[in-house]
Amino acid sequence: MLHGYGLYQEEHEAFRRTVRAVVDKELLPFAQEWEAREEFPRELFRRFGELGFLGLKYPEEYGGSAAGELYEAVLLEELGRCGSGGVSAGLAAQFTISTGPLQLFGTDAQKRRFLAPAIRGEKIGALGITEPDAGSDVAGLRTTAVRDGEHYIVNGSKTYITNGVRADFVVLAVKTDPTAGHKGLSMLILEKGTPGFSVGRKLQKLGWRASDTAELFFEDCRIPAENLLGQEGQGFYQIMGNFQWERLSLALGALGAMEDMLEKVLVHVKQRRAFGQTLSGFQVVRHKLADLFTELECARQLTYHALRLHVGGQYAVAQTSMAKKVATETACRVADACLQLHGGAGYMMEYDIQRHWRDARLGPIGGGTSEVMNEIIAKQLGL
């Protein structure tokens, strides 16, 4: 199915076919195995690097292709179809949230040291923002960084960090001025093996089980001052700037996941028989599916509208928040309805729909909760 809508061109659809072939051959057949192991192979990062998937929007001088964000949007949609939210999340975190700030705010030296190997898939990155007592409220972060000569001494902790267990570097949000509120936030690049830095337990999750999610701890952790991203006090704006693409990425992934769910449930209702006919023979089933496909189309139109504004250079905060909220919440409803249509089979672990159902639930939470999206939208309305 073509999804141009005046947004994607034929070259984007050709790229979609390439990505889909990779997903169908190299990800989908192993999704259940990786879910059971609660980890996907590290080699996938290198494989995606070889394919050029990790640097679609980054300059050629650092190993990217400078193809643009629309190509990455296609990749995000197709990853949503890979059968495992954890695989999708782990790979997407590499080219969205962990490397995005490096490209936007890093020096040439920082980009060559961290961004370039991340684009090749040689180094895994993570974004360290969320803390035990602060998530969407980034101004409430408590991890501190005190300048000491040519280093920052960092103390605190982070939690729910995607790729945190295997990360070779973490783009870390810290308080360099605890008295300045959101203006006291800064970003530092933390390397694996830095004294005082430790990775806690790998967290067990309801969904996204194939991704590693970690607790991170910092005890008098000395980070070189040259690893400061941008300038002190810019952290809040750096985080907010990257949030827009992160939220769009979650909406796009939800679209792909919903497509996969609905394709699978169509096959199921055409094959499963009850009371002498296939499930698709019942009007209630046909009308339910009509509603679900309509909901998907509504979510797609809104997400594509926000994407169009974003790639056009507009700071479309309200539309991005709306798209993230609507697409992820719709995915939860679609997953629940598709599981119901599978009947008892939907409750069995060997069926993909139960995994979609579990994975979808993180959408209205991660990257800013739906409640936070509502607050952002309200502020944009002048309320």
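These numbers come from a predicted model, not from an experiment. (Residues numbered from 1 in each chain as written. Predicted model: local features only at pLDDT ≥ 70, side-chain atom pairs only at ≥ 80, totals over all residues. Heavy atoms only, no water.)

In terms of helices and strands, the protein chain carries twelve helices and ten strands. Relative to the compact-globule value of 21 Å for 383 residues, the protein chain shows a C-alpha radius of gyration of 21 Å, a close match. Principal-axis analysis of the C-alpha atoms places the extent of the protein chain at approximately 80 × 45 × 40 Å. Here the protein chain, with 383 residues, has 56% of them falling under the buried criterion. Relative to all contacts within the protein chain whose residues are 6 or more apart in sequence, the contacts with residues 24 or more apart total 74%. Summed over its atoms, the accessible surface of the protein chain is roughly 16,300 Å², and 54% of this surface lies on carbon and sulfur atoms. (Helix = DSSP H or I, 4+ residues; strand = E, 2+ residues; numbered from the N terminus. Rg over C-alpha atoms; globule rule 2.2 N^0.38 Å. Buried < 20%, exposed > 50% of the residue type's maximum accessible area, 1.4 Å probe, protein only. Contact = heavy atoms within 4.5 Å. Areas by Shrake-Rupley, 256 points an atom, 1.4 Å probe, with all protein chains shown as cover.)

Moving on: the UniProt feature "domain: Acyl-CoA dehydrogenase/oxidase N-terminal" (unreviewed entry) in the protein chain. In the UniProt entry, the feature "domain: Acyl-CoA dehydrogenase/oxidase N-terminal" (unreviewed entry) is given for residues 10-122. In residues 10-122, the share of helix is 65% and the share of strand is 0%. The end C-alpha atoms are 31 Å apart. (UniProt positions renumbered as here; feature names shortened; annotations may be inferred.)

This part covers unusual backbone geometry. Backbone geometry at A66 places phi at a positive 55°, although glycine is not the residue there. Look at F275: it is not a glycine, yet its phi comes out positive at around 55°. A residue is classified by how much of its surface remains accessible, and F275, at 84% relative accessible area, is exposed.

Take the pairing of strand β4 (residues 169-175) next. Here β4 lies mainly inside the structure; seven of its seven residues are buried. Alternating positions in β4 separate into two faces, F169, V171, A173 and K175 on one and V170, L172 and V174 on the other, with burial throughout. Examined bridge by bridge, strand β1 (residues 125-128) and β4 share four bridges and lie parallel to one another. Counted as the bridge partner of G128 is L172 from β4. Sheet topology note: the β4/strand β5 (residues 185-191) ladder contains seven bridges and is antiparallel. In the strand pairing of β5, V174 is matched with S186. (Pairing = 2+ DSSP bridges.)

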